[in-house]
Amino acid sequence: MFNRKRANGGFTLVELLVVLAILGLLAGLVGPQVMKFLGSSKTKTAALQVEDLAATLDLYRLELGRYPSTSEGLQALVQDPGVSNWNGPYLKKSQVPKDPWGNEYQYRSPGQNGPFDVWSLGADGQEGGEGENQDIRSWESS
């Protein structure tokens with residue numbers, strides 16, 4: 001009778017294939033859920049930033065008696081647009097934040113939906129859309 005022991009303590013090809021198959025199944029099941037979570041977190045971040053910009057615009061109006069014009073834009077929150085009584089910057093950072101997808105926030109005053117409108121065009125950078133591509137608007141925030 002032959003009693004052979006393995007010469008080395010390595011893995012067999014079958015063992016490696018089983019492990020790779022299990023990893024592939026896990027990646028296939030977990031990967032889409034992680035990407036879905038990541039997309040929804042960017043949307044939530046944009047909604048919070050829009051609310052923060054709206055609150056900052058209200059502070060600006062309390063101090064100056066008006067909102068920045070569309071031509072002054074959100075930049076008036078961090079840079080003096082040449083008006084008296086400007087006590088800024090009104091944002092903690094020295095520049096207006098970009099949305100989570102790296103695009104500028106849109107602004108107009110007077111707004112079509114209130115004294116001002118602030119919005120992000122979502123992941124696709126275009127009007128409309130659903131899911132991660134939906135627009136995040138100050139007049140629709142909860």
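Residues numbered from 1 in each chain as written. Predicted model: local features only at pLDDT ≥ 70, side-chain atom pairs only at ≥ 80, totals over all residues. Heavy atoms only, no water.

Quick look at the sheet that holds strand E1 (residues 106–108)
Overall, antiparallel pairing links the three strands, which are arranged E1-E2-E3 in an open sheet. Every other strand in the sheet has two partners, leaving E1 and strand E3 (136–137) as the edge strands with one partner each. Bridging between strand E2 (residues 117–120) and E3 involves two bridges; their strand directions are antiparallel. Counterpart to Ser120 in the pairing with E3 is Ile136. (Pairing = 2+ DSSP bridges. Helix = DSSP H or I, 4+ residues; strand = E, 2+ residues; numbered from the N terminus.)

A word on the pairing of E2
Alternating positions in E2 separate into two faces, Asp117 and Trp119 on one and Val118 and Ser120 on the other, with burial throughout. The pairing of E1 with E2 spans three bridges and is classified as antiparallel. In the strand pairing of E2, Arg108 is matched with Asp117. (Buried < 20%, exposed > 50% of the residue type's maximum accessible area, 1.4 Å probe, protein only.)

Regarding the pattern of salt bridges
With the rule as written, the count across this model stands at five salt bridges. Note that Arg66 is salt-bridged to Glu72, the shortest N-O span being 3.0 Å. Judged by its relative accessible area of 30%, Arg66 falls in the partly exposed class. Since its relative accessible area comes to 21%, Glu72 is described here as partly exposed. (Salt bridge = Lys/Arg side-chain N within 4 Å of Asp/Glu carboxyl O.)

Some details on the nonpolar core
The biggest cluster of nonpolar side chains holds 22 residues, and the ones touching the most others in it are Leu57, Leu74, Leu77 and Val118. Looking at which element gives the most residues to this core, the answer is helix H1 (residues 13–64), with seven residues. Beyond its immediate chain neighbours, meaning those up to four positions away, Leu74 contacts Leu53, Leu57, Val96, Tyr105 and Tyr107. (Core = buried A, V, L, I, M, F, W, Y, C linked by side-chain atoms within 4.5 Å. Contact = heavy atoms within 4.5 Å.)

Details of the confidence of the model for the protein chain
Detailed reading of the predicted coordinates is not advisable wherever pLDDT falls low. Of all residues in the protein chain, 89% attain a pLDDT of 70 or more, and the chain-wide mean is 85. Taken element by element, the protein chain is modelled with least confidence in H1, mean pLDDT 85, and with most confidence in E1, mean pLDDT 95. (pLDDT = per-residue confidence, 0-100.)

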